[in-house]
Amino acid sequence: LTTREIEDHLREIYGIDVSESFISRVTDEVKNQVIEWQNRPLEPIFSIVYFDGIRFKVRHDGRIKNKVVYVCYAVTTEGKQDVLGLWISENEGAGFWLAVCNELKSRGVQDILIACVDGLTGLPDAIESVFPSVDVQLCIVHHVRSVCKYVSYTDRKAFCHDMKLIYG
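This section reports on the structure supplied with the text. Starting from 1, residues in each chain are numbered consecutively following that chain's sequence as written. Local features in a predicted model are, by the rule used here, given only for residues with pLDDT of at least 70; side-chain atom pairs are given and counted only at 80 or more, and totals for whole chains, interfaces and linings are based on all residues. Values reported for side chains reflect all heavy atoms of the structure, with hydrogen atoms and water molecules removed beforehand.

Two rings from Phe, Tyr or Trp (for Trp, the six-membered ring) form a pair when their centres sit within 6.5 Å of each other. Planes less than 30 degrees apart are called stacked, planes more than 60 degrees apart edge-to-face, and all others tilted. For the coordinates displayed, the defined rule picks out four aromatic pairs. Between the aromatic rings of Tyr 70 and Phe 96, the centroid separation amounts to 4.2 Å while the plane-to-plane angle is 25 degrees, which identifies the pairing as stacked. Here Tyr 70, found in strand β2 (residues 63-76), pairs with Phe 96, found in helix α3 (residues 94-106); they are 26 residues apart in sequence, far enough to count as distant. Taking the relative accessible area as the measure of exposure, Phe 96 reaches 29% and is therefore partly exposed. Through a chain of ring-to-ring contacts, the aromatic side chains of Phe 51, Tyr 70, Phe 96 and Trp 97 assemble into a single cluster. Under the DSSP-based scheme used, a helix requires at least four consecutive residues in state H or I and a strand at least two consecutive residues in state E, with every element numbered from the N terminus. With a 1.4 Å probe rolled over the protein chains alone, any residue whose accessible area is under 20% of its type maximum counts as buried; one over 50% counts as exposed, and the rest are partly exposed.

What follows covers the nonpolar core. Taken as a class, soluble globular proteins show a tendency for nonpolar side chains to be buried jointly. Judged by nonpolar contacts, the single largest core of 23 residues is most densely connected at Val 49, Phe 51, Cys 72, Leu 84, Leu 104, Ile 127 and Phe 131. Elements that contribute at least two residues to this core include exactly β1 (45-60), β2, β3 (81-89), α3, β4 (111-117) and α4 (123-130). In what follows, residue pairs with any heavy atoms lying within 4.5 Å of each other are defined as contacts. Leaving out residues up to four positions away in the same chain, Leu 84 has contacts with Trp 37, Arg 40, Leu 42, Phe 46, Val 49, Cys 72, Ala 74, Leu 104 and Arg 107. Nonpolar cores are built from buried Ala, Val, Leu, Ile, Met, Phe, Trp, Tyr and Cys residues. Side-chain atoms within 4.5 Å join them into one set.

The following block contains the structure:
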């Protein structure tokens, strides 16, 4: 959003008036904090890291464009959950994921025990090239969706119910 759009939004939703310069100062400060968070050192070992891309439609320069937000969500060896980072790109691809994995390594990650992925072609190879001892597994949700393509529509509900019991 532009500073003018943020100003209008705050007035409409919250009934407050703020100046464009105030919005610029706040967004600059938030940007600095986001950059600091995005570059923070990470744990050396993670039990599980989930790699996924989420597609969004974004207005940019007056046009609607597709963007992908890459997300790495991890579970530490102590069981704590952590978002390792968020990255934005035009589309999802294994090449971008390779750059993400290299960044994770440069921020201190030495090993990942299990990488949970969505079935994107080339993603397992990208992860394994940076973390060679990782066990790459297909996410259960993506696995069930993939299998459901081969089940007739009339049987799908019962099939998914049974799959949920199996995975439970």
